[in-house]
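This is what each chain is made of:
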Amino acid sequence: MRVFIVRHAQSENNALLSPNLDNPSRQSDPSLTKKGWTQCANLTKCFTTEANGRYKRVNEMWTSPMKRCLLTAKAVGDGLRTGNARVNGEIFEHGGCFEGGRGGGGGKGGDAKTSANENKTTAAATGRPGMGRDEMKQVFPDVIVPEALKNGWWDTKRGVETVPEAQARAERVAELLWKRARGSGGLKEKVEEVEKEEEAQQAKKRKVDDEPEVGDLVIVSHGMFTDILLKILVGVPKSTGRQMGLFCSQNAGIHAIDLDVATEENICGLVQFNDVRHIPEEARTGGSVFGLDECYVSEGSA
């Protein structure tokens, strides 16, 4: 199974001088910048042009519940025109949904502190539930929103998610991907009903190579979460703080991975990395090593 991972177009938080979680100017669920809208328009052109080519096997799309991803996913969906776009409540950006700077005291909020980057005093973050089903449908009318997310997707009592919590969440997403690749999972379980005994016997004898292929998948998510997810899929040991290596994604950049479950061990192959050929040079943003490294060191938001 091939998975195309698209980072969202440039958000208003991305455009801040210091986008880390301590910046009091950050928004809990920002929209896109002018460049972000340009990037979305080019994503639509890209997926329209290749809908019957490299993306012809795509039969499902997962999107983060955050506004910047929903807007980007709509642009991708306008190009693919395959439908079946679903909100996945596990692929939001590290940190969660909260207003203002994180403040002191780590992932659960805390006392006020001064941000060296902004030279302002930041108060403890205020959790927000995020958009509910009706709000998400206003952003992306055709998206399918699970019942569990009808009133929002973030538990405001959690405060701010930590990096280890985000890594544990990414591990759950990785397992869901492997399950889908094996033809037995995904957000929508696929169940085969065999009515005749003869068909049942044939099914038992079928070889792996003869099994129906699982369709490809598009995921619209975030810069830091994509880095965490790719590391888990390719077997990079988890760590916090400064990272020895990073998978940097530009806004509206596209990665492609192949998940091979035909062997005894699952194999993940990175076959395309950060493709931004569809974005004009002057409209390209994000993807810096410093920016993503800062996300781990200062627990930022990409």
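Note that the structure is predicted; figures quoted are calculated from it, not measured.

## Quick notes on the environment of Gly 287
Along the chain, the position of Gly 287 falls in the loop between strand 10 (267-275) and helix 7 (289-297). A relative accessible area of 28% places Gly 287 in the partly exposed class. Setting aside its immediate chain neighbours within four residues, Gly 287 contacts Arg 7, Cys 248, Ser 249 and Gln 250.

## Quick notes on the sheet that holds strand 9 (residues 254-260)
Reading across from one edge, 3-2-8-1-9-10 is the order of the six strands in this open sheet, with mixed pairing throughout. This sheet does not close on itself; its edge strands, each paired only once, are strand 3 (85-87) and strand 10. Averaged over all adjacent pairs, the angle separating strand axes in this sheet is 20°, with direction ignored. Pairing of strand 2 (residues 58-63) with strand 8 (residues 216-221), which is carried by five bridges, proceeds in the parallel orientation. In the sheet register, Thr 63 faces strand 8, and the bridge partner there is Val 220. Those strands touched by helix 6 (residues 223-234) are strand 1 (2-7), strand 8, strand 9 and strand 10, and its axis lies near 25° from that of strand 9.

## Points about the pairing of strand 9
For strand 9, the tally of buried residues reaches five of seven residues, placing the bulk of the element in the interior. In terms of strand pairing, strand 1 meets strand 9 through five bridges, oriented antiparallel. Across the sheet, residue Arg 2 finds its bridge partner in strand 9, namely Asp 258. Sheet topology note: the strand 9/strand 10 ladder contains six bridges and is antiparallel. Paired with Leu 259 across the strands is Cys 268, a residue of strand 10. In this antiparallel pair of consecutive strands, strand 9 and strand 10, the connection spans six residues.

## Here we look at the pattern of salt bridges
Working definition: two side chains of opposite charge can pair if their charged atoms are close together. Enumeration according to the criterion identifies 18 salt bridges in this entry. In this structure, Glu 161 and Arg 169 form a salt bridge, with 2.8 Å as the shortest nitrogen-oxygen distance. No difference in accessibility class separates Glu 161 from Arg 169, as the two residues are buried. When the shortest N-O distance is used, the salt bridge between Asp 227 and Lys 231 registers 2.9 Å. Here Lys 231 and Asp 227 lie together in helix 6, a separation of four residues that amounts to about one turn. Look at the salt bridges and you will find they share partners, linking Arg 54, Asp 275 and Arg 277 into a network.

## Thoughts on the confidence of the model for the protein chain
Per-residue confidence for the protein chain gives a mean pLDDT of 84, with 79% of residues at or over 70. Scored below 50 in pLDDT, residues 104-122 makes 43 contacts in the model with residues more than four places away or belonging to other chains. Considering only residues more than four positions removed or in separate chains, one finds that residues 185-196, a stretch of pLDDT under 50, has 21 contacts.

## Quick word on helix 2 (residues 67-80)
For helix 2, built from 14 residues, the straight-helix expectation of 20 Å at 1.5 Å per residue is met to within 8% by its first-to-last C-alpha distance of 20 Å. In terms of burial, helix 2 is largely enclosed, as 11 of its 14 residues are buried. When we look at burial in helix 2, the residues that qualify are Arg 68, Cys 69, Leu 70, Leu 71, Thr 72, Ala 73, Ala 75, Val 76, Gly 77, Gly 79 and Leu 80. Arg 81 lies just past helix 2 and shows a positive phi near 55°.

The rules behind the values
- Residues numbered from 1 in each chain as written.
- Predicted model: local features only at pLDDT ≥ 70, side-chain atom pairs only at ≥ 80, totals over all residues.
- Heavy atoms only, no water.
- Helix = DSSP H or I, 4+ residues; strand = E, 2+ residues; numbered from the N terminus.
- Buried < 20%, exposed > 50% of the residue type's maximum accessible area, 1.4 Å probe, protein only.
- Contact = heavy atoms within 4.5 Å.
- Pairing = 2+ DSSP bridges.
- Axes fitted to C-alpha atoms, helices over the stretch in contact; angles between N-to-C directions.
- Salt bridge = Lys/Arg side-chain N within 4 Å of Asp/Glu carboxyl O.
- pLDDT = per-residue confidence, 0-100.
- Expected span 1.5 Å × (residues − 1).

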